[in-house]
4 protein chains.
Amino acid sequence: MVVKVAINGFGTIGKRVADAVTAQDDMDVVGVTKTRPTIEADLAIDAGYPFYTAIADRKQAFVDAGIEVQGTLDDLLQEADIVIDGSPGKFGQENKDKYAAAGVKGIFQGGEKHDLTGVSFNSLANYSESFGKDMVRVVSCNTTGLCRTLYPVYKEYGIETVYAVMIRRSADPRDSKKGPINAIEPVLKVPSHHGPDVQTCIHDLNIQTMAVKVPTTIMHLHSNIVELKQEVPSEDIVKLWENTPRVKLVDGGKGIASTAQIMEYARDLGRPRSDLNEIAVWREGIHTVGKVLYYYQAIHQESDVVPENIDAIRAMMELEEDNMKSIEKTNNALGIN
Amino acid sequence: MVVKVAINGFGTIGKRVADAVTAQDDMDVVGVTKTRPTIEADLAIDAGYPFYTAIADRKQAFVDAGIEVQGTLDDLLQEADIVIDGSPGKFGQENKDKYAAAGVKGIFQGGEKHDLTGVSFNSLANYSESFGKDMVRVVSCNTTGLCRTLYPVYKEYGIETVYAVMIRRSADPRDSKKGPINAIEPVLKVPSHHGPDVQTCIHDLNIQTMAVKVPTTIMHLHSNIVELKQEVPSEDIVKLWENTPRVKLVDGGKGIASTAQIMEYARDLGRPRSDLNEIAVWREGIHTVGKVLYYYQAIHQESDVVPENIDAIRAMMELEEDNMKSIEKTNNALGIN
Amino acid sequence: MVVKVAINGFGTIGKRVADAVTAQDDMDVVGVTKTRPTIEADLAIDAGYPFYTAIADRKQAFVDAGIEVQGTLDDLLQEADIVIDGSPGKFGQENKDKYAAAGVKGIFQGGEKHDLTGVSFNSLANYSESFGKDMVRVVSCNTTGLCRTLYPVYKEYGIETVYAVMIRRSADPRDSKKGPINAIEPVLKVPSHHGPDVQTCIHDLNIQTMAVKVPTTIMHLHSNIVELKQEVPSEDIVKLWENTPRVKLVDGGKGIASTAQIMEYARDLGRPRSDLNEIAVWREGIHTVGKVLYYYQAIHQESDVVPENIDAIRAMMELEEDNMKSIEKTNNALGIN
Amino acid sequence: MVVKVAINGFGTIGKRVADAVTAQDDMDVVGVTKTRPTIEADLAIDAGYPFYTAIADRKQAFVDAGIEVQGTLDDLLQEADIVIDGSPGKFGQENKDKYAAAGVKGIFQGGEKHDLTGVSFNSLANYSESFGKDMVRVVSCNTTGLCRTLYPVYKEYGIETVYAVMIRRSADPRDSKKGPINAIEPVLKVPSHHGPDVQTCIHDLNIQTMAVKVPTTIMHLHSNIVELKQEVPSEDIVKLWENTPRVKLVDGGKGIASTAQIMEYARDLGRPRSDLNEIAVWREGIHTVGKVLYYYQAIHQESDVVPENIDAIRAMMELEEDNMKSIEKTNNALGIN
């Protein structure tokens, strides 16, 4: 069985998931949508994706721009088994109703709330909870990053409390409207919503978070403090993460001093769009003092959830029961070792 | 008695302390030094500060630039009771020897290590330890900020552990050489040196710190997590800090959302050089959950230690035994309410 | 006669003009307005400005925030001879009608179009055109900067063509919403509107402009190329501008390498809000090759038009016929030498 | 004949040229050098490039880092016909002497001066001047960009004068040390050196340039004013550049408003390292007024000279006499249409 996947919203996440689906042998893209005839619409056409208009009455705008439109979102849903919702926030409920009405499963992104689907997804932490489900939310880039590094520590050693401070990029590289240009802006609601969001995947983890925005576009960075249930040597944590999928240790000593050099590394690796699907953790920054673990991790906000979307398709469509097998299959197809 | 103060290094800190000394009635600037005939040398002359060359054999460069030089640093030391060392890092030991040889007391800045003087200084936390001392180090802007908010909490309620994550500006506004322009850079030595530095002023405080650099020039921001010895309502912490000198609560609800608006506020207050000597704490961000206190504070790295330098002079010169009286006197002279 | 000035909009321009009016002996602020109870409203109250609500039905919001409101904009207009319109763009026509209906003169800012008033204003270039007028527009910060340096050259030597490339800051320091964070954005309408805008003050100057936005908050920079009607040595241009009011030559050789050091210089000069009302021109960058003059100038976008607003009041209220006398009076009161 | 190419300095330019050489069928990489065992050394090994140490006595540092070293630069030169000098500036003369002594041809980059080789290279403008030569300099990214768009205009319509204002990125993405973070910095030497540099390729073009640095990492942008010898409709210039190799017109109307969206476009095109070898020119920004042409172009500083290096190899090794044939061959191999 090859699952037929629709991409509703060929934007930052949508375009990446489309290409990632295409790279798998058990699923295929049957069409993508867009609301406006921008350069990305041209690129979707060039990539050979059947193109549909997300908003029915805007078809003419695409035709005027010389873009061949196969139909509307409703038409596309007729062709699909499952849809990746890559639309901007706030349209979740409306879209979910549409997908349900068309008898199509739906995967939402972290901009939507957990309550929309009642099931949130991280490949490592709670894959099985989405098995066979109709509507699932893949958690945000930040939450995905926290789950990837915390879950193995939680399973292996036990965690009393996590304090995570998230230093967030303010805008994506392609988004040149948003600032700040020269300021740091805290999220004044304390603790922030990210802690409870992690708990949608790792249910009984005690985690508190704070967050600030800083004037950079390329990656988030988390400064994490973990009170463990036992003393663990730093080296054991290093080894644990060396063997954790989608976690990549990087070395300050090799010249990777900042998020800039991590992104350069991804470019040199030849990754599509110079993305880094893995969570980068600085090896030298992993340090335990007594029962407390300190570490820094960097999150490529545009792409870390892409493999999670693929795994979620596999779980929801019941293609694979074992999360580790799905992870490995996805990773191999995407060149993540 | 009017204490005669020399300023060795009329740079970021030196020029501010010079003006702050001038604003007091119990001390006076007898001269300032500089190593190069930049615009700041002109400004020192315009301000009426007797001008000396920090490096003896560079006198001619100043003369060539039309700057009248009274002599060298050695000459200046003959005129002074105490010297503010505003020279860049690494010259501490050499300068301390010079000051001692000239029989002049010396105040060093946070770029130097505690061991240089064996006594570190924060007005609130440990003023009396510097009373009558010859060589004292005023701790760095970040450490000063941590001492100001943590000390009253520590005294009033007791603290089990502080976890502070310091999100640091990468360069001062006037320093246009340093980056990064678009990256976040963690300090990979974990925990960072800032924790032990706080302990030079609050000796038995259990504090662990992490630090990252971000592409902004205007303020540091600390995201702090404090495990208290007891449960304390958020409002009580708010009240405590409302009554703490050199701590200023700011309101997100009044439009102060980021460090940019804090700096704008300082401009509107008419502060010299648009500085903010106080530590700014967001009122809405002060939040306790059980025994854990969360808060954000912003540090104006160029100026928060300026009143501390004044108080340190008073302690070392035995002008005032009571730290709260010195703080009040300094604050009144500087327009800090 | 002391002219009664209302400030409609106590924001970036309004608060500065209010303080500048207060510094003059022939005019006084009778009240200021604001639309929301932000920290700037508190500051207006603290500064002793009678406070009015710009939007009539928002009075309660101010009362709730503890701010004493004297009345509405309409009430304020009853007290005033002339109003400084500091409201954001697009309200010009509506406000002009209000001012006219109340029999009050109005000064608009450069965000409005020339057609709104039919008269645009620059103190040096065309002061007399506003003499006795009811409604006048002070041109934008960029246009003001171009007029200040180009007008004396145009009068003294004649100009064939000006090509000005304006490298604009993207947001003001206090505006932390706008980007870009890491991009350069050209104004694709070529030539840009700035050339015709200069012609509203220097009517037969042949000037063409291009403009880009860059990720900085502190100053605009213009890279100007001027085809003169005759060969002029670089030194003569330097001398001309040394004797031009509100133009300040700065020296790269003294360490002023970028807009950052210019702003630091303004801080050190002790200017209110660390503003620089003058246009800064790099001395070393003034260079003629044959009949072509090249130079760079930096524009402090928040404050360069402030003295122009004062002069415009004087012209419109017929307080002073001679522009050079008004300029000198304004400058003396504001500490601009 | 397959030309044997050595890469001396596997950095920003070196690693890109290495991959571009590998993509051709008439040349091959015989080895690369590096001075330090950074992550890029690992990547060179992973890519299968024979690895040599650039500095003979640092061999042990690589061995310690687990990197297999084939020998020193001197050893590598024995294997090569021609070497790409990707070393940082200031080593040009020393390296040229080494290459000459080893009987190997050398290609230098734009950081070196024209006098080093006496021959500078741009594929479109002066390919034939490098035919058979031993030592050639490929001009800088900015000069390459100017040559690509100006040369066809110069040939087709004639140019009186070019005024180019170059708004330069301050640091490459991977370089997180350099600033400024929030400032604009002009090059005070006026006109700048870029004009004469263009003349090393288009010898009798009258061009004057100014330059500023701005806080961005991704692209330079040129704001160009060209006084033509005749009136030319804007559309004719558009058509000319549509047919010029390595020039790519982009559309603001399709959402490409800034350099950020150009770089995103390159990512979406799937280019290696998300590079854009072409010069991007905004279609809407191309505008003629009388005999004056205005346009904006964006330069990807890390990669635009890469195809030029390939063509230079072909010219110097006498593989191809016709520049348009080499350009086409290079472009096809690199996926530049």
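Structural data are supplied above this passage.
(A) Quick look at the environment of Y157(B). Residues and elements named next belong to chain B. With respect to the helices and strands, Y157 occurs in helix α8 (residues 141-157). The partly exposed category is assigned to Y157, around which 18 C-beta atoms lie within 10 Å. With 132 residues separating them in the primary sequence, Y157 and D25 have C-alpha atoms 37 Å apart. Look past the residues within four positions of Y157 in its chain and what remains in contact with it is L228, K229, Q230 and V232.

(B) A look at the relation of the copies chain B and chain C. After a rotation of 180 degrees and a shift along the axis of 0.0 Å, chain B superposes on chain C with an RMSD of 0.0 Å. These values place the two chain copies in the arrangement generated by a two-fold rotation axis. If distances are taken from each C-alpha of chain B to the rotation axis, the shortest is found for S274(B), at 3.1 Å. A shared binding surface is used by both copies, with 100% of the interface residues of chain B retained as interface residues in chain C.

(C) Up close: the interface of chain B and chain A. Taken together, the 36 residues of chain B in the interface contact 36 residues of chain A. If you tally residues by element for the side of chain B that touches chain A, the top one is strand β11 (residues 207-214) of chain B, at four residues. For the side of chain B that touches chain A, the per-class residue count stands at 24 nonpolar, 10 polar and two charged.

(D) View of the interface of chain B and chain C. Facing the 25 residues of chain B at the interface are 25 residues of chain C. Those elements that provide at least two residues to the side of chain B that touches chain C are α2 (39-46) and α11 (259-268) of chain B. Sorting elements by how many residues they give to the side of chain B that touches chain C places α11(B) first, with seven residues. When grouped by side-chain class, the residues that make up the side of chain B that touches chain C number nine nonpolar, eight polar and eight charged.

(E) Geometry of the sheet that holds strand β3 (residues 51-53) of chain C. Residue and element names in this part refer to chain C. The strand order across the open sheet built from eight strands is β4-β3-β2-β1-β5-β6-β8-β7, with neighbouring strands paired in parallel fashion. Here the strands that pair on one side only, and so sit at the sheet edges, are β4 (71-72) and β7 (120-121). As defined by bridge partners, strand β2 (residues 27-34) adjoins β3 across three bridges and the pair is classed as parallel. Each residue of the ladder has a partner; that of V32, found in β3, is F51.

(F) Broad picture of the relation of the copies chain B and chain A. Rotating chain B by 180 degrees about the axis while translating it 0.0 Å along that axis superimposes it on chain A, leaving an RMSD of 0.0 Å. Here 100% of the interface residues in chain B have copies in chain A that are interface residues too; the copies meet face to matching face.

(G) The arrangement of the sheet that holds strand β6 (residues 105-108) of chain A in detail. Residues and elements named next belong to chain A. With respect to topology, eight strands assemble into an open sheet ordered β4-β3-β2-β1-β5-β6-β8-β7, the strand pairing being parallel. Of all strands in the sheet, those bounded by a partner on one side alone are β4 (71-72) and β7 (120-121). Bridge count between strand β5 (residues 82-85) and β6: three bridges; the pairing is parallel. Bridge pairing in β6 links V83 to G106. Docked against the sheet, helix α1 (residues 12-22) engages β1 (3-8), β2 (27-34) and β5, running at close to 160 degrees with respect to β2. Across the face of the sheet, helix α11 (residues 306-316) comes into contact with β1, β2, β5, β6, β7 and β8 (135-138) while running at roughly 160 degrees to β8.

Reading guide: rules and limits
- Residues numbered from 1 in each chain as written.
- Chains lettered and ligands numbered in written order.
- Predicted model: local features only at pLDDT ≥ 70, side-chain atom pairs only at ≥ 80, totals over all residues.
- Helix = DSSP H or I, 4+ residues; strand = E, 2+ residues; numbered from the N terminus.
- Buried ≥ 20, exposed ≤ 12 C-beta atoms within 10 Å, placed from the backbone.
- Contact = placed C-beta atoms within 7 Å.
- Least-squares fit on C-alpha atoms with pLDDT ≥ 70 in both.
- Nonpolar A, V, L, I, M, F, W, Y, C, P; charged D, E, K, R; others polar.
- Pairing = 2+ DSSP bridges.
- Axes fitted to C-alpha atoms, helices over the stretch in contact; angles between N-to-C directions.

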